[in-house]
Amino acid sequence: IIIGLSALGYCDWRILLLVDRMVRLDRLVAICILMGIAYGVVGQNMQSFVVADSSFVERSIKQFENVDSVSLIDVASLFVGVPYLAGTLEHEEGERLVVNTRQVDCTTFVEQVVALWRTLQYPQPSFALFVDELRLMRYRSGKVDGYLSRLHYFTDWVTENAKRGVWRELAPAD
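Definitions and limits used
- Residues numbered from 1 in each chain as written.
- Predicted model: local features only at pLDDT ≥ 70, side-chain atom pairs only at ≥ 80, totals over all residues.
- Heavy atoms only, no water.
- Helix = DSSP H or I, 4+ residues; strand = E, 2+ residues; numbered from the N terminus.
- Expected span 1.5 Å × (residues − 1).
- Buried < 20%, exposed > 50% of the residue type's maximum accessible area, 1.4 Å probe, protein only.
- Arc of directions from axis to C-beta.
- Core = buried A, V, L, I, M, F, W, Y, C linked by side-chain atoms within 4.5 Å.
- Contact = heavy atoms within 4.5 Å.
- Axes fitted to C-alpha atoms, helices over the stretch in contact; angles between N-to-C directions.
- Parallel < 35°, antiparallel > 145°, perpendicular 65-115°, else oblique.
- Left-handed = near helix turned anticlockwise from the far one by under 90°.
- Nonpolar A, V, L, I, M, F, W, Y, C, P; charged D, E, K, R; others polar.
- Phe/Tyr/Trp six-rings, centres within 6.5 Å; stacked < 30°, edge-to-face > 60°.
- Salt bridge = Lys/Arg side-chain N within 4 Å of Asp/Glu carboxyl O.

S.K.: Sorry if this is basic, but what is going on with the environment of cysteine 106 here?
M.R.: With respect to the secondary-structure elements, cysteine 106 resides in helix H6 (residues 106-120). Spatially, the C-alpha atoms of cysteine 106 and leucine 85 are 9.0 Å apart, while their sequence positions differ by 21 residues.

S.K.: I keep staring at helix H7 (residues 127-138) and nothing clicks. Help me out?
M.R.: An α-helical turn contains 3.6 residues, so a residue and the one three or four places further along point in the same direction. For H7, built from 12 residues, the straight-helix expectation of 16 Å at 1.5 Å per residue is met to within 8% by its first-to-last C-alpha distance of 16 Å. Taken residue by residue, H7 has Phe127, Phe130, Val131, Glu133, Leu134, Met137 and Arg138 as its buried positions. Buried residues of H7, viewed axially, fall in a sector of 160°; they line one side.

S.K.: Can you walk me through the nonpolar core in this structure?
M.R.: When a protein is soluble and globular, its nonpolar side chains tend to lie buried together. Counting 28 residues, the largest nonpolar core has Val57, Val99, Leu116, Leu120, Phe127 and Phe130 as the members making the most contacts within it. Excluding its chain neighbours within four sequence positions, the residues that come into contact with leucine 116 are Phe56, Val57, Ser60, Ile61, Val75, Leu78 and Phe130.

S.K.: How do you make sense of the packing of H6 against H7 when you look at a structure like this?
M.R.: Packed helix pairs are characterised by how far apart their axes lie and by the angle those axes make with each other. Two elements in contact, H6 and H7, have axes whose closest approach is 8 Å; the angle formed by their N-to-C orientations is 130°. The pairing of H6 with H7 is recorded here as oblique in orientation. In the packing of H6 onto H7, the handedness of the crossing is right-handed. Facing H6, whose interface residues are Thr108, Glu111, Gln112, Val114, Ala115, Leu116, Arg118 and Thr119, H7 presents Leu129, Phe130, Glu133, Leu134, Met137 and Arg138. Taken together, the residues of the contact of H6 with H7 sort by class into 7 nonpolar, 3 polar and 4 charged.

S.K.: Would you take a moment to explain the packing of aromatic side chains for this structure?
M.R.: The way to describe two aromatic rings as a pair is by their centre distance and the angle between their planes. All told, the structure shown has 5 aromatic pairs when counted by the stated rule. Ring plane angle 50° and centroid distance 4.9 Å describe the contact between tryptophan 157 and tryptophan 167, whose orientation is recorded as tilted. Separated by 10 residues along the polypeptide, tryptophan 157 in helix H8 (residues 154-163) and tryptophan 167 in the segment after H8 bring together distant segments of the chain. Exposure remark for tryptophan 167: the relative accessible area of 24% places this residue in the partly exposed category. Site record: aromatic cluster; members linked through ring pairs are Phe56, Phe79 and Phe109.

S.K.: I keep staring at the pattern of salt bridges and nothing clicks. Help me out?
M.R.: If the charged atoms of two oppositely charged side chains come close together, the side chains can form a pair. For the structure shown, the criterion picks out 9 salt bridges. The residue aspartate 53 makes a salt bridge to arginine 102 at a minimum N-O spacing of 3.0 Å. One end of the pair, aspartate 53, is in helix H4 (residues 51-63); the other, arginine 102, is in the loop between strand E2 (97-98) and H6, with 49 residues separating them in the sequence. Look at aspartate 53 and you get buried, because its relative accessible area is 0%. Note that arginine 164 is salt-bridged to glutamate 133, the shortest N-O span being 3.8 Å. On the criterion of sequence distance, the pair formed by arginine 164 in the segment after H8 and glutamate 133 in helix H7 is long-range, its members being 31 residues apart. Note on arginine 164: relative accessible area 29%, which makes it partly exposed. Look at the salt bridges and you will find they share partners, linking Glu90, Glu95 and Arg150 into a network.

S.K.: Before we go on, may I ask you to explain H8 in this structure?
M.R.: Taken together, the buried positions of H8 are occupied by Trp157, Glu160 and Asn161. Viewed end-on, H8 has its buried residues packed into an arc of 95°, placing them on one side of the element. Relative to its buried face, H8 has exposed residues pointing more than 90 degrees away, namely Thr155 and Lys163. Where H8 terminates, the next one or two residues include glycine 165, which has phi positive at roughly 85°.

S.K.: Honestly, unusual backbone geometry in this entry has me stumped. Any pointers?
M.R.: Of all residues except glycine, most have a negative phi; of all peptide bonds, most are trans. Residues other than glycine seldom take positive phi values, yet serine 141 does so here, at roughly 55°. Tracing the chain through its elements places serine 141 in the loop between H7 and H8.

Here it is as structure tokens:
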């Protein structure tokens with residue numbers, strides 16, 4: 001089942017949680033649930049990523065697990081060599097939280113660096129926490145509710161995230 005789902009390319013992090021519990025479920029029911037999530041039938045706030053994205057985040061967490069202080073520069077350096085690609089969040093299947101650590105544009109680079117840095121501040125950092133941080137940063141009130149819920153304008157993005165305490169203004173604008 002996992003091989004079949006990974007062949008689809010995109011997964012939902014809930015799939016990984018369900019696989020752990022699948023032993024207790026009837027095999028056919030489990031397959032239906034997993035395929036429903038993979039195709040977006042279950043839940044409207046689905047996340048899209050490939051295994052390489054979760055692996056990148058988990059490797060990054062492991063790299064910093066015994067480091068007392070991690071800077072944004074330390075995290076940003078993990079993305080050296082990642083190619084630029086415009087429109088990484090755009091797709092035809094409706095709005096969903098996209099995690100793509102393999103290709104970034106200017107905004108997704110900053111979002112993922114800050115989300116990963118914030119994830120590393122938790123006592124038990126994980127890919128699921130990274131996904132939550134990214135969602136909270138990218139969408140109004142952290143809710144994926146269609147295209148208009150995404151913070152498209154940089155000024156909105158900065159203002160919304162300042163309200164959440166992601167960052168603060170160092171010098172007031174004149």
